[in-house]
Each structure stands twice: as C-alpha cells, then as structure tokens.
Amino acid sequence: MTTRDTPAAYGAVSRLNHWIGALFVILLLGIGLYFSDLPRGLEKTYWRSLHIAIGTIAIPFLLFRVFWRVRATSPLPPPQAPALQRLSNIVHALLLAGIVTMVVTGPLIQWFGGRAFGIFDVVQFASPLAKSELWHKRMEDIHGFVAWAIIWLLGLHLLGVIKHQFIDRDRLLARMTGRGLRG
Ligand code: HEM
Ligand code: HEM
C-alpha cells in the first residue's frame, strides 16, 4: 500500500483524509442545521456544545487534510471533457476553501461573542479577542453561508461521482477506496 499519491491512484493518507474529512463535514453540517432551527433552551445548548466539541476535534485533522491535498501531487484526472475537468477542479478547490473557512469562522463566532470554545469541560480555549457584536454576527453569517455553499457543492460533487460510476464506468470511486483506475 503506498502512502503517497501516484499518477494512477490516491495514496493511503489522501484516502483516509478524504473519508474521515467527509465524515466530520457531514456530521457537523447535520448537527449544525439541526440545532440552528431549535428554539433557545437546554436542547439547543446541548447540540450547539456537541457541534463545537466535534468541530474542535476536527480542526487539526481538517487543516492537515487541506494542507496534504495542497502539497501532494493529485493523481491524473480521468479522461473527460475539458469543461467538466475544470468544473471538477473548481468544486474540489471550493470544498477545500469551504472547509478552511468553517474551521476558522467557527471558533471566531465564539471568541467574538466573548466565549471560549473547546470540548465540553475537557479543554476550553479562552478568547484572546475583544468581544464584538459586529464581528460575532459577521462570523455567524459567513459560517452559515459557507455551510450552505458546501451543501450545494457536495450535491455537484456527488452528481459527478454518480456520473463516473454509472455513465462513464471508469471506477473513479474505486481509486478513492483503494484501487486504481481501469486502463
Ligand atoms: C467543516 C466544519 C464545520 C461545519 C460543516 C459546520 C457547520 C455548521 C452549521 C451548518 C451551522 C448552523 C448555521 C446556521 O445557523 O444556519 C453551524 C453553526 C455553528 N458552528 Fe459550525 N461547522 C463547522 C465547524 C465548526 C467549528 C470548528 C466550530 C467551533 C469550534 C463551530 C462552531 C459553530 C457555532 C458556535 C455555531 C452556532 C452559530 C449560531 O449560534 O448561530 N463550527 N456550523
Ligand atoms: C460521502 C460522499 C462522498 C463520496 C462518495 C465522495 C467521492 C469522491 C471521489 C470518488 C473522489 C475522487 C475524485 C477524483 O479522483 O478525481 C473525491 C474527491 C474529493 N472529494 Fe469527495 N466524496 C464524498 C464526500 C466529500 C465531502 C463531504 C467532501 C468535503 C467537504 C469531499 C471533498 C473532496 C475533495 C476536496 C476531493 C479531491 C481530492 C481530495 O482532496 O481528497 N468529498 N470524492
């Protein structure tokens, strides 16, 4: 098993990064959308704290995931129309940019709100920033907007995967799960 990417396949680190990262992002999107609609109260506080705890655990992982993708030489794209290739590159880049934006704005929502963030009572990172309602609101708006952008991009991403799997039948999904492209 190769650790690094080759022209034909993703290496083990990229594959692990992709799937663990996808799990974190989907979990955080689900919990975030769920509690954002709840009325103020204990239940909302619980889900909000859980979101922040999982988000805090995810921060180093997701930053490493993006760093690794930017540094590693990605495998060669499968043969397809140049416009679709460009679209796929753009969607991947925007998803990575979206991840970075979320892990930066999440903690800043808390810090500009004059609160710490962390993993329940286990570890909390106190705010080094002055409280600011304006910036708290701005960070909240960006976090919410980018969450929805990620959802739409994910829709496009999955449409692409389905196209490759069932129309092109080029086993693109297989190279993200450990096997190479056909041919
Ligand atoms: C990829 C990572 C993340 C995703 C996909 C994500 C997703 C979301 C979503 C969908 C919401 C609800 C937004 C809305 O109001 O419509 C939310 C809210 C929130 N997230 Fe995240 N989040 C991520 C990372 C983080 C991190 C790392 C933290 C902090 C450590 C964090 C802290 C918060 C907070 C405090 C809110 C509540 C904002 C409010 O009260 O309106 N998030 N997040
Ligand atoms: C659970 C459903 C998902 C499936 C089935 C899936 C499938 C795939 C496949 C097959 C590739 C390889 C494309 C290629 O070889 O060119 C890929 C790449 C990629 N996916 Fe996903 N994906 C999923 C979720 C996600 C999520 C949630 C994100 C991030 C928010 C994401 C971000 C990326 C990125 C940035 C790439 C480019 C390579 C890399 O950096 O890992 N994917 N995905």
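Report follows, based on the coordinates. Fair warning: this is a prediction, and the values are worked out from it, not measured in the lab. (Residues numbered from 1 in each chain as written. Chains lettered and ligands numbered in written order. Predicted model: local features only at pLDDT ≥ 70, side-chain atom pairs only at ≥ 80, totals over all residues. Heavy atoms only, no water.)

So, the packing of aromatic side chains
Operational definition: Pairing of aromatic rings covers Phe, Tyr and the six-membered ring of Trp, with a centre-to-centre limit of 6.5 Å; geometry is then stacked below 30 degrees between planes, edge-to-face above 60, and tilted otherwise. A ring is considered to have a charge above it if a Lys NZ or an Arg CZ atom is located within 6 Å of its centre and within 35 degrees of its normal.
All told, the structure shown has seven aromatic pairs when counted by the stated rule. Taken together, the ring pairs in this structure connect Tyr-34, Tyr-46 and Trp-47 into an aromatic cluster. In this structure, Arg-138 is placed above the aromatic ring of Trp-135, and the distance from its NZ or CZ to the ring centre is 4.6 Å.

Overview of the site of ligand 2
As a reminder, the rule being used: The near set for a molecule or strand comprises every residue that places at least one heavy atom within 4 Å of it. What qualifies as a polar contact is a pair of N or O atoms within 3.5 Å, subject to a donor-acceptor requirement within protein and to the restriction that residues adjacent in sequence count only when both atoms come from side chains. Each helix corresponds to a stretch of at least 4 residues labelled H or I by DSSP, and each strand to a stretch of at least 2 residues labelled E; elements are numbered beginning at the N terminus.
Taken together, 19 residues surround ligand 2, and among them His-18, Arg-65, Arg-69, His-157 and Arg-175 come closest. One of the side-chain nitrogen or oxygen atoms of Arg-65 is found 2.9 Å away from an oxygen atom of ligand 2. The side chain of Arg-175 places a nitrogen or oxygen atom 3.0 Å from an oxygen atom of ligand 2. It is helix H1 (residues 12-36) that provides the largest number of residues to the shell around ligand 2, a total of five residues.

Here's the deal with the packing of helix H3 (residues 82-112) against helix H4 (residues 133-168)
To be explicit about the condition: Orientation is described by lines fitted to C-alpha atoms, with helices fitted over the stretch in contact, and by angles between N-to-C directions that extend from 0 to 180 degrees. Angular relationships are summarised with four words: roughly parallel below 35 degrees, roughly antiparallel beyond 145, roughly perpendicular across 65 to 115, and oblique for the angles in between. Helix crossings fall into two classes, left-handed where the near helix is turned counterclockwise from the far one by less than a right angle and right-handed where it is turned clockwise. Lys, Arg, Asp and Glu make up the charged group, whereas Ala, Val, Leu, Ile, Met, Phe, Trp, Tyr, Cys and Pro make up the nonpolar group; the residues left over, Gly among them, are polar.
In contact at an axis separation of 8 Å, H3 and H4 are set at 150 degrees when each is read in the N-to-C sense. With respect to H4, the axis of H3 lies roughly antiparallel. Where H3 crosses over H4, the two elements pack in a sense that is left-handed. When the residues that make up the contact of H3 with H4 are grouped by side-chain class, the tally is 18 nonpolar, eight polar and two charged.

Quick word on the coordination of the iron atom of ligand 2
Using the following cut-off: With water excluded from the atoms, a metal site may look incomplete; its donors are any N, O or S atoms within 2.8 Å, or within 3.2 Å for Na, K and Ca. Angular criteria define each label, namely tetrahedral for four donors with all angles between 85 and 135 degrees, square planar for four and octahedral for six donors with opposite donors over 155 degrees apart and remaining angles between 65 and 115, and irregular for whatever fails these tests. Relative accessibility thresholds used throughout: buried, under 20% of the residue-type maximum; exposed, over 50%; partly exposed, between the two (1.4 Å probe, protein chains only).
Note on the iron atom of ligand 2: its protein donors are His-18 (NE2) and His-157 (NE2). The metal-donor distances range over 2.0 Å. Geometry at the iron atom of ligand 2 is octahedral, judged from the six donor atoms that bind it and their angles of 87 to 179 degrees at the metal. A residue pair is termed long-range when its members are at least 10 positions apart, and His-18 in helix H1 and His-157 in helix H4 qualify at 139 residues. The exposure class of His-18 is buried, given its relative accessible area of 15%.

Here's the deal with the coordination of the iron atom of ligand 1
Looking at the iron atom of ligand 1, one finds its protein donor set to be His-51 (NE2) and His-143 (NE2), positioned 2.0 to 2.1 Å from the metal centre. The site at the iron atom of ligand 1 holds six donor atoms, and with the angles between them running 87 to 179 degrees, its shape is octahedral. In this pair, His-51 sits in helix H2 (residues 42-71) while His-143 sits in helix H4, placing the two residues 92 residues apart along the sequence. Across the pair, His-143 and His-51 agree in class, each one buried.

A word on the side chain of Arg-69
Examined against the element boundaries, Arg-69 turns out to sit in helix H2. Owing to a relative accessible area of 16%, Arg-69 belongs among the buried residues under this scheme. Polar contacts involving the side chain of Arg-69 include one to the side chain of Ser-74, which spans 3.0 Å.

Concerning the site of ligand 1
Lining the immediate surroundings of ligand 1 are 23 residues, of which Gly-32, Arg-48, His-51, Met-102 and His-143 lie closest. Here an oxygen atom of ligand 1 sits 3.3 Å away from a polar atom, N or O, in the side chain of Arg-48. Mapped onto the shell around ligand 1, the elements with two or more residues apiece are H1, H2, H3 and H4.

Purely geometric numbers; function is a separate question.
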